[in-house]
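Residue strings, one per chain:
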Amino acid sequence: MSLDQPLAPLPQEGTGFATAWPVRAGDVDPYHRLRFDGVARYLQDIAYEELHQTALHRTDPTWIVRRTVIDVIRPVVFPDHVHLTRWCASMSTRWTNMRVRITSEGGGLIETEGFWINLSESSNLPARISDEGLAYLARTTDEHRLRWRPYLTDPAPRESDTDVPFPVRATDIDQYNHVNNACYWQAVEQFLVDYPKLLAVPHRAVIEYVAPVLAREHITVRGRYEPGDVSGRPVLRLWFVVGGITTTVVRVMPLQ
């Protein structure tokens, strides 16, 4: 897949891991739209539900996400009820692309894909997925040669007076002593307040985590908005920088 390609469809209706819950009041903006950080938490929640309701909690319990793609075709709004379906779209022996479709009873539709890496509990390094785990994931895909390739390779711009500090709070830190991946989307939402037209049409947001950010580190966000890129579409680009090193890259743009 490339940055502009559509996400892989569900191979057969009724397959995948499914769950549902009401839209949380703390996950929506003043216009009742489900925010990106809310979507990211929902992706974490269904991942952990699937982990603990299957043998994966025993065979392959530790995963981190390297990239998330979120396609908002029709926004989910509060108060509504969301239905989520999760399945493996492609895989290798150490990582997998996990698709999640979020639909709502009010007609919302959000398609997502996450690049998840299996970690060794002893070394915290990428590890081979167990035979049982591979067999479970392979039920919904025939693509077993997934390779990592970054989509967002633009270097961060130079430091400028438009840089915005993003303070790390104690509540942003997860069990690995890293800033939790959903927290980065809060900064994305802060920038999107100035560009509501990006959210007024079907849009794609992509985030890639280059390096973890630890507690007490200082994050600066560098944002650049282009009213029309080479394809003529507006695009918002963000770089999260710690000590001159880019740790996370984001792009938000209309869907083609």
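Each value, and the rule that gives it
- Residues numbered from 1 in each chain as written.
- Predicted model: local features only at pLDDT ≥ 70, side-chain atom pairs only at ≥ 80, totals over all residues.
- Heavy atoms only, no water.
- Pairing = 2+ DSSP bridges.
- Helix = DSSP H or I, 4+ residues; strand = E, 2+ residues; numbered from the N terminus.
- Axes fitted to C-alpha atoms, helices over the stretch in contact; angles between N-to-C directions.
- Contact = heavy atoms within 4.5 Å.
- Salt bridge = Lys/Arg side-chain N within 4 Å of Asp/Glu carboxyl O.
- Buried < 20%, exposed > 50% of the residue type's maximum accessible area, 1.4 Å probe, protein only.
- Polar contact = N/O pair within 3.5 Å; in protein donor to acceptor, adjacent residues only side chain to side chain.

- As recorded in an unreviewed UniProt entry, the protein goes by the name Acyl-ACP thioesterase, listed as coming from Nocardia caishijiensis.

Section: the sheet that holds strand E7 (residues 203-209)
Line of reasoning, step 1. Taken in spatial order, the 10 strands make up an open sheet running E1-E3-E4-E5-E2-E7-E10-E9-E8-E6, and their pairing is antiparallel. Because the sheet does not close on itself, it has two edges, and the strands there are strand E1 (17-22) and strand E6 (164-166). Adjacent strand axes in the sheet meet at a mean angle of 20° when their direction is disregarded.
Line of reasoning, step 2. The sheet contact formed by E6 and strand E8 (residues 219-226) spans 3 bridges and is antiparallel. Of the residues in E8, the one forming a bridge with Pro165 is Thr220.
Line of reasoning, step 3. Contacts between helix H1 (residues 36-53) and the sheet are confined to E1, strand E2 (63-74), strand E3 (81-91), strand E4 (95-104), strand E5 (109-118) and E7, with E1 contributing the most and set at about 130° to the helix.

Re the pattern of salt bridges
Line of reasoning, step 1. In the structure shown here, the tally under the stated rule is 19 salt bridges.
Line of reasoning, step 2. Residue Arg233 is joined to Asp4 by a salt bridge in which the shortest nitrogen-to-oxygen separation is 3.0 Å. Here Arg233 is found in the loop between E8 and strand E9 (235-242), whereas its partner Asp4 is found in the segment before E1, with 229 residues between them in sequence.
Line of reasoning, step 3. One salt bridge connects Arg41 with Asp37, and the closest N-O pair in it is separated by 2.9 Å. Of this pair, Arg41 and Asp37 both sit in helix H1, 4 residues apart, which is roughly one turn of the helix.
Line of reasoning, step 4. Residue Asp37 is classed as buried on the basis of its relative accessible area, which comes to 2%.

Structural notes on helix H4 (residues 181-192)
Line of reasoning, step 1. A large share of H4 lies buried, amounting to 10 of its 12 residues.
Line of reasoning, step 2. Within H4, burial applies to Asn181, Ala182, Cys183, Tyr184, Trp185, Ala187, Val188, Glu189, Phe191 and Leu192.
Line of reasoning, step 3. Capping the start of H4 is the job of one residue whose side-chain oxygen sits 3.0 Å from the backbone nitrogen of Ala182: Asn180.

Quick look at the pairing of E7
Looking down a regular strand, the side chains alternate between one sheet face and the other.
Line of reasoning, step 1. With 7 of 7 residues buried, E7 lies mostly within the body of the structure.
Line of reasoning, step 2. Residues His203, Ala205, Ile207 and Tyr209 point to one face of E7 and Arg204, Val206 and Glu208 to the other, with burial holding for every one of them.
Line of reasoning, step 3. In this sheet, E7 lies alongside E2 in antiparallel orientation, the contact comprising 6 bridges. Bridge pairing in E7 places Asp71 opposite Arg204.
Line of reasoning, step 4. The pairing of E7 with strand E10 (residues 245-254) spans 7 bridges and is classified as antiparallel. Among the inter-strand pairings, Glu208 is bridged to a residue of E10, identified as Val249.

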